[in-house]
Structure formats: C-alpha cells, structure tokens
Amino acid sequence: MIVRLPGPLDPHVHLRDLDWSHKATFASETAAALAGGYTGLLDMPNTPPPTIDLDALALKRERIAAAALCDWGLYFGASQDGNQALYPLVESAVCGLKIYNNETTGTLLISDQDLRDQHYKAWPAFKPIAVHAEGQTVADILALVRRYRKWTHFCHISTREEMDLLRAAKNERLPVSVGVTPHHLWLTEADLPTLGALGLMKPTLKTADDRDALWQGIADGTVDIVESDHAPHTLEDKASFKTPYGVPGLETTLPLLFGAVKLGRLTIEQVIELTALAPRRIFGLPCGDSTYTLIDADAEYTIERQNLRSACGWSPFEGARVAGRVLEVWIRGQRVFDGENVLAQAGFGRDLADIQTHNPWQQ
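This one's a predicted model, so the numbers in the text were calculated from it and none came from an experiment.

Caption draft 1: Quick peek at the sheet that holds strand S11 (residues 321-331). One open sheet accounts for 4 strands, arranged S1-S10-S11-S12; its pairing is antiparallel. Looking at strand neighbours, the two that pair on one side only are strand S1 (2-5) and strand S12 (334-337), the edges of this open sheet. Each adjacent strand pair in this sheet contributes to an overall mean axis angle of 35 degrees, direction not counted. Relative to S11, strand S10 (residues 292-302) is paired through 8 bridges, and the arrangement is antiparallel. Bridge pairing in S11 places Thr293 opposite Val329.

Caption draft 2: Geometry of the packing of helix H11 (residues 253-262) against helix H12 (residues 268-282). Relative orientation of the contacting elements H11 and H12 amounts to 155 degrees, with a least axis distance of 9 Å. Put simply, H11 runs roughly antiparallel to H12. Where H11 crosses over H12, the handedness of that crossing is right-handed. Here Leu254, Leu257, Phe258 and Val261 of H11 come into contact with H12, specifically with Ile268, Val271 and Thr275. Residue classes in the contact of H11 with H12 are distributed as 6 nonpolar, 1 polar and no charged.

Caption draft 3: Representation of unusual backbone geometry. In this structure, the amide linkage connecting Pro48 to the following residue, Pro49, adopts the cis form with an omega of -5 degrees. Tracing the backbone shows Pro49 in the loop between strand S3 (40-43) and helix H2 (54-67). With omega at -10 degrees, the peptide bond leading from Lys202 into Pro203 counts as cis. Relative to the helices and strands, Pro203 resides in the loop between helix H8 (192-195) and helix H9 (208-220). One non-glycine residue with positive phi stands out, namely Arg16, at about 75 degrees. Mapped onto the elements of the fold, Arg16 is located in the loop between strand S2 (9-13) and helix H1 (26-35). Using a relative accessible area of 2% as the deciding quantity, one classes Arg16 as buried. Of note, the phi angle at Arg332 is positive, near 50 degrees, even though the residue is not glycine. Looking at the secondary structure, you find Arg332 in the loop between S11 and S12.

Caption draft 4: Structural view of the nonpolar core. Residues Leu34, Tyr120, Phe154, Ile157, Val180, Ile218 and Phe258 are the most contacted members of the largest nonpolar core, which totals 78 residues. If you look at the next biggest cluster of nonpolar residues, it comprises 18 residues, including Ala130, Ala278, Ile282 and Phe283.

Caption draft 5: Structural context of H11. With 9 of 10 residues buried, H11 lies mostly within the body of the structure. Here H11 has its buried residues at Thr253, Leu254, Pro255, Leu256, Leu257, Phe258, Gly259, Ala260 and Val261.

Caption draft 6: A look at the pairing of S2. Taken across its 5 residues, S2 has 5 buried, putting it largely inside the fold. Bridge count between S2 and S3: 3 bridges; the pairing is parallel. Of the residues in S3, the one forming a bridge with Val13 is Asp43. Of the crossover connections in this fold, the one passing from S2 over H1 to the parallel S3 is right-handed.

Caption draft 7: Local environment of the packing of helix H5 (residues 136-148) against helix H6 (residues 160-171). Across the interface, H5 lies against H6 with an axial gap of 9 Å and an inter-helix angle of 20 degrees. Classified by the angle between their axes, H5 and H6 sit roughly parallel to one another. Every pair of crossing elements has a handedness; the one defined by H5 and H6 is right-handed. Residues Gln136, Val138, Ala139 and Leu142 of H5 touch H6, and the partners they reach there are Glu161, Glu162, Leu165, Leu166 and Ala169. Classifying every residue of the contact of H5 with H6 gives 6 nonpolar, 1 polar and 2 charged.

Cut-off values and rules
- Residues numbered from 1 in each chain as written.
- Predicted model: local features only at pLDDT ≥ 70, side-chain atom pairs only at ≥ 80, totals over all residues.
- Heavy atoms only, no water.
- Pairing = 2+ DSSP bridges.
- Helix = DSSP H or I, 4+ residues; strand = E, 2+ residues; numbered from the N terminus.
- Axes fitted to C-alpha atoms, helices over the stretch in contact; angles between N-to-C directions.
- Parallel < 35°, antiparallel > 145°, perpendicular 65-115°, else oblique.
- Left-handed = near helix turned anticlockwise from the far one by under 90°.
- Contact = heavy atoms within 4.5 Å.
- Nonpolar A, V, L, I, M, F, W, Y, C, P; charged D, E, K, R; others polar.
- Buried < 20%, exposed > 50% of the residue type's maximum accessible area, 1.4 Å probe, protein only.
- Core = buried A, V, L, I, M, F, W, Y, C linked by side-chain atoms within 4.5 Å.
- Right-handed = clockwise from strand over helix to strand, strands pointing away.

Structure (structure tokens):
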C-alpha cells in the first residue's frame with residue numbers, strides 16, 4: 001500500500017553545524033530529514049552558539065538558509081541572564097520560544113520559577129512556547145500556562161506521572177500539546193546495558209510502565225505529536241569520558257511508526273496525524289497539496305547504519321525490523337527525494353516562519 005503523508009513536519013530537532021559542525025551540518029541533517037520522509041523541521045536553540053541573542057539568530061538564519069535541503073524553522077531560546085526584551089524583535093523570525101526547565105545539553109537551563117514567569121509573561125502570544133519539563137517541573141509549567149494562557153508544547157514527555165498531569169491539563173482545557181519520542185516509545189532503561197552510551201539522552205530512558213503510559217497517551221489522544229528529538233553526536237563523542245546527551249532519529253521515526261502499523265498497534269491515520277497534521281496545526285504551518293511524502297507501507301527492512309545519511313552514522317535502533325520505505329518526497333511541487341537520491345540543491349529549503357499563520361489557541 002502506498003500512503004501519502006501531507007507534509008510531514010518534525011517540530012523538535014537539533015541540527016548541529018556552526019560551532020558543532022564536526023558533529024553534523026545543516027546540509028547533512030536536512031538530507032537525513034528528506035531520506036526519513038520529512039518535508040520540514042523546527043530546529044532547537046541550544047547548539048552553540050545558543051540562539052539567545054540577535055547576532056546568534058542572524059548567524060543561524062544565514063547559514064541554514066544557504067544550506068538547507070528541506071523547509072525549516074528556528075526556535076529562540078530563553079536565557080538564564082534574561083533576554084525577554086528581544087522577544088518583540090525576534091518573534092517574526094522564529095516559530096516559537098524554547099524554555100529549558102530541566103538539565104539538558106548546553107547552558108540554557110532555567111530552574112527558577114520566577115524567571116520562568118518573566119519569560120512567559122514577555123513572550124508574545126501569537127507563537128507557541130515549547131518546553132523541556134520533567135517530573136514535578138511539568139506541574140510548575142502548567143501553573144504558568146494557567147496564569148498566562150499561552151500555548152505550550154511539552155516536548156519529549158517520558159513518564160506516566162507527566163502523562164497523567166498533561167491528560168488532566170487537557171481535560172481542564174488548558175492550551176497545551178504533548179510530544180513523545182520514538183526512543184521513549186520503543187526503548188527502556190532495560191536496554192541500557194546493551195546500548196551503553198548510545199542510549200544516553202535527555203530525558204533518560206525510563207521504565208516499561210512509563211513506556212506503556214506513552215502508548216496509552218497515543219491511544220487516548222493525550223499525545224499530539226511523535227517528534228524525533230534528533231540530536232546527533234559522533235561515535236567518538238559518545239565514547240568520550242563525558243558522554244553527551246542525544247541520539248539521531250530523523251531517518252528512523254517514520255519507519256518505526258509504520259512498523260507499529262504492521263503490528264496493529266497504530267493505524268495509518270494515526271501516523272498521519274502524529275507526524276504531519278498535528279505538528280502543522282499546532283505550529284500554524286499550512287501545507288499545500290504540492291508538499292507531501294509517499295511511503296510504501298508494506299516494505300519491511302532492517303535499520304543498518306551504513307544506510308543512514310545523518311553525519312553521525314549510527315542509530316540506537318540499529319538492527320530493528322521496521323516498515324514504511326520512503327519512495328518520494330515533494331516540496332512545493334518539486335521532487336526532492338526519489339527513494340534513493342536527494343535531489344534538492346543547497347538553499348532550496350524555505351524559512352517556515354514566513355508562512356506561520358496562527359497560534360492554535362487563537363483559532
């Protein structure tokens with residue numbers, strides 16, 4: 001069966017380049033996005049130099065615009081030192097604000113609730129706030145959502161406790177959306193002895209019960225998006241004394257989900273909603289009929305590192321049997337991937353902030 005996905009969009013990736021060009025580049029990772037079936041992505045602000053001031057934002061926009069093979073958008077990062085005065089100046093150039101409220105890669109952790117409050121108050125309501133929040137911090141952020149009623153996307157939720165809090169928030173009709181990752185849906189802490197450093201990410205892998213709670217969240221509609229949290233590091237970096245957090249995922253997310261379809265765990269309609277319709281709806285990014293991906297849902301294969309395009313060259317899912325081979329990717333009427341070759345030229349990708357139409361809370 002050939003399945004057409006209308007403009008798959010990953011709203012949670014860390015592309016590297018700039019100070020971390022030894023790990024990956026905008027060109028290599030947008031090529032990986034196309035090979036993985038994605039037509040667009042939103043890049044997080046914590047790759048150095050962090051996107052927390054006007055110069056860093058201008059530099060990243062210039063570099064990614066020249067190199068990107070798929071469509072792209074950027075987040076602005078909330079700063080520990082306070083950069084709220086810049087928000088009205090950058091809102092039109094980014095797709096949202098990212099606030100890191102628990103430990104992560106980089107230096108953007110904001111653990112003080114009063115400072116979080118200041119950032120929430122200052123951010124214009126038109127575009128979403130994306131948050132890294134774990135455990136009790138989810139409840140702390142929900143208190144700010146209640147106060148300011150600004151749309152908040154909770155990234156990479158990983159535990160039953162967090163899922164229960166967000167299910168209740170949705171029942172309360174708070175303006176929130178929920179993302180989960182493939183590594184938290186398929187892997188648990190029991191896989192760490194086998195994966196070693198290749199299984200280290202933030203949030204960390206959790207219990208089988210937590211994993212099951214995420215699948216229940218998909219089944220009952222609490223989960224809106226499956227996002228890759230693509231964060232490539234070289235094998236050398238992963239083997240270093242201080243192992244960095246993060247795993248690649250742009251090329252394995254859709255195959256894992258279509259593998260779940262094969263097993264009867266998901267429907268094709270759910271995959272389309274979780275990877276295409278919901279991300280574009282939540283972030284206000286329309287998609288015309290000429291932007292789409294064709295997937296052979298019946299094709300089964302094994303994930304092998306030699307077939308991956310991400311510059312890091314590995315996957316925590318290596319050896320997994322999956323389904324859903326990407327046949328073609330089309331963006332704005334141009335075929336950019338033919339199932340084997342990336343056909344787009346450097347700079348073909350457009351800035352999605354230019355077409356962002358609304359905050360879902362304002363519909």
